[in-house]
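Geometric and topological summary
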There are 2 protein chains.
Amino acid sequence: MATRTAYAMWQGGLKGQGEISLGDGRCAQPYSASSRFESGPGTNPEELLGAAFAGCFNMALAVRLQDEGFVPQRISTDASTTIEKVGGGFEITSIHLDTVASVPDIDVDQFIAIAEDVKNNCPVGKALSATHTTLSANIADQARLSE
Amino acid sequence: MATRTAYAMWQGGLKGQGEISLGDGRCAQPYSASSRFESGPGTNPEELLGAAFAGCFNMALAVRLQDEGFVPQRISTDASTTIEKVGGGFEITSIHLDTVASVPDIDVDQFIAIAEDVKNNCPVGKALSATHTTLSANIADQARLSE
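Residues numbered from 1 in each chain as written. Chains lettered and ligands numbered in written order. Predicted model: local features only at pLDDT ≥ 70, side-chain atom pairs only at ≥ 80, totals over all residues. Heavy atoms only, no water.

A word on unusual backbone geometry. Glycine aside, residues mostly have negative phi angles, and peptide bonds mostly take the trans form. Non-glycine residue A:Cys27 carries a positive phi angle of around 60°. Turning to its location among the elements, A:Cys27 is positioned in strand S3 (residues 26–32). (Helix = DSSP H or I, 4+ residues; strand = E, 2+ residues; numbered from the N terminus.)

Given below as C-alpha cells:
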C-alpha cells in the first residue's frame, strides 16, 4: 500500500488565485480561473488529471506487455482533457490518450486490444470509469484508432 | 471549452522508468515503480490525481461560497491518495481531502454541507465518482469530520 499527498491553496472567490503542489512541495505552481479556462500562466486540474492517467496507463501497459512476452522499448502518451460547460456547471467531458509505442514483434491488433484493456483497467483508468475516455494506439509506423 | 494536455513516457518493462510532464513540458519529473510504490525519487500518478482533485475542489468551493454570500479568505486542502493491491492488481482505494478554510461569518454546519456537496459535484469530483472519496472539513478553530 502507498499513500501519496498533494496540496492546493486558494485565496478569494471566483476571481481569486491559488497554488497547487505535489508531495513534499515539488512543482508548486499558481492556478486561477484564467489558467484553467483561458490562457493565464500556471497549472489547472485538467492537465494534472491527464498526467496522472497517462503516467498510470504507460506503466500498466509496460507491465502488461512484458507479461505477454513483449518488453516495450518505449511508450509515449499524450493526454488531452476537455472541460466544458454542461447545464449550469462545468464537466470533464472527455480524456483522450494518444499513444505511440515501440514494441518489438507485436501484432498491431494485439497491441491495440491490450492498450484498450489497460486504459479501462489500470488503477487511474478504473478511478475514472465514470468519465468518457478514448484511446488512439499506434505501433511504430502503423497507426490505428481505437475508441 | 478548454482542452489541456500532459505527457508521459516510459522505457522498458516493470523495472523500466519514465517521465511525466504537464502542458508545455512544465514540471517534468521522473517516475518508476520505485517512486510509485516505494520511496524512489520522482512523481507518481496518485499524487497527480490528488493534486487535480484538491485544486478543482478549492476553486469550486470558493465559487460556491461566494455564490452563497461568503467570500472565503483562504482555503487549504491536503489530498491523500491510497493505492493498494486488490485481488490480482492494484486499485486506488481512496482519496481523502483534508480542508481548512477561513470563511468569515459562516456557520460550520453550513460550511461542511457545502464542502461535501462540492467534493462530490466539482468537475474532478464527478470524474472520480466511481472512486471512494472522503472529506475532513474545518473552519478556523472549529473542526468537524464529514465522510
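Residue and element names in this part refer to chain B. Tallied over the full model, the rule gives four aromatic pairs over all chains. Here the aromatic rings of Trp 10 and Tyr 31 are separated by 5.1 Å at their centres, their planes lie at 65°, and the arrangement is edge-to-face. Here Tyr 31 lies in strand S3 (residues 26–32) and Trp 10 lies in strand S1 (residues 2–11), a separation of 21 residues in the sequence. When sorted by exposure, Trp 10 lands in the same class as Tyr 31, which is buried. (Phe/Tyr/Trp six-rings, centres within 6.5 Å; stacked < 30°, edge-to-face > 60°. Buried < 20%, exposed > 50% of the residue type's maximum accessible area, 1.4 Å probe, protein only.)

A few words now on helix H3 (residues 108–121) of chain B. Compared with the 20 Å implied by 1.5 Å per residue over 14 residues, the 20 Å span of H3(B) between its first and last C-alpha is a close match. For H3(B), the full list of buried residues reads B:Val108, B:Phe111, B:Ile112, B:Ile114, B:Ala115, B:Glu116, B:Val118 and B:Lys119. (Expected span 1.5 Å × (residues − 1).)

The next thing to look at is the side chain of B:Thr81. Of note, B:Thr81 is situated in strand S4 (residues 74–86). Judged by relative accessible area, which is 0%, B:Thr81 ranks as buried. Within the local environment of B:Thr81, its side chain forms a polar contact with the backbone oxygen of B:Glu46, the two atoms lying 3.3 Å apart. Among all residues touching B:Thr81, those that are not within four sequence positions of it are A:Ala2, A:Thr3, A:Arg4, B:Glu46, B:Gly50, B:Ile92, B:Ser94 and B:Ile95. (Polar contact = N/O pair within 3.5 Å; in protein donor to acceptor, adjacent residues only side chain to side chain. Contact = heavy atoms within 4.5 Å.)

Of all hydrophobic cores here, the largest spans 84 residues; its most connected members are A:Leu61, A:Phe111, B:Leu61 and B:Phe111. What B:Phe111 contacts, discounting residues up to four positions off in sequence, is B:Leu61, B:Leu65, B:Thr99, B:Ala101, B:Val103, B:Ile106, B:Ala137, B:Asn138 and B:Ile139. (Core = buried A, V, L, I, M, F, W, Y, C linked by side-chain atoms within 4.5 Å.)

This part covers the environment of A:Ile139. Residue and element names in this part refer to chain A. Mapped onto the elements of the fold, Ile 139 is located in strand S6 (residues 133–139). Overall, Ile 139 belongs to the buried group, its relative accessible area being 4%. With 129 residues separating them along the chain, Ile 139 and Trp 10 place their C-alpha atoms 43 Å apart.

Across the contact, 73 residues belong to chain A and 73 residues belong to chain B. In total, chain A and chain B occlude about 5900 Å² of area from one another, counting both sides; carbon and sulfur atoms represent 57% of this. Among the residues of chain A in contact with chain B, A:Arg4, A:Trp10 and A:Met59 are the three that bury the most area, contributing 13% of the side total. Counting across the interface, chain A meets chain B through four salt bridges. Counting across the chain A and chain B interface gives 38 residue pairs in polar contact (both at pLDDT 80 or more). Counting residues per element, the ones that place at least two in the side of chain A that touches chain B are strand S1 (2–11), strand S2 (17–22), S3, helix H1 (33–37), helix H2 (45–67), strand S4 (74–86), strand S5 (89–102) and helix H4 (123–127) of chain A. Looking at the side of chain A that touches chain B, the element that brings in the most residues is H2(A), giving 16 residues. Split into classes, the residues belonging to the side of chain A that touches chain B amount to 36 nonpolar, 26 polar and 11 charged. One ladder, built from nine bridges, connects S4(A) with S1(B); its direction is antiparallel. Bridge assignment links A:Thr77 to a residue of S1(B), and that residue is B:Ala8. (Buried area = accessible area lost by both parts, 1.4 Å probe. Salt bridge = Lys/Arg side-chain N within 4 Å of Asp/Glu carboxyl O. Nonpolar A, V, L, I, M, F, W, Y, C, P; charged D, E, K, R; others polar. Pairing = 2+ DSSP bridges.)

Geometric descriptors of this kind do not, in isolation, establish any biological role.
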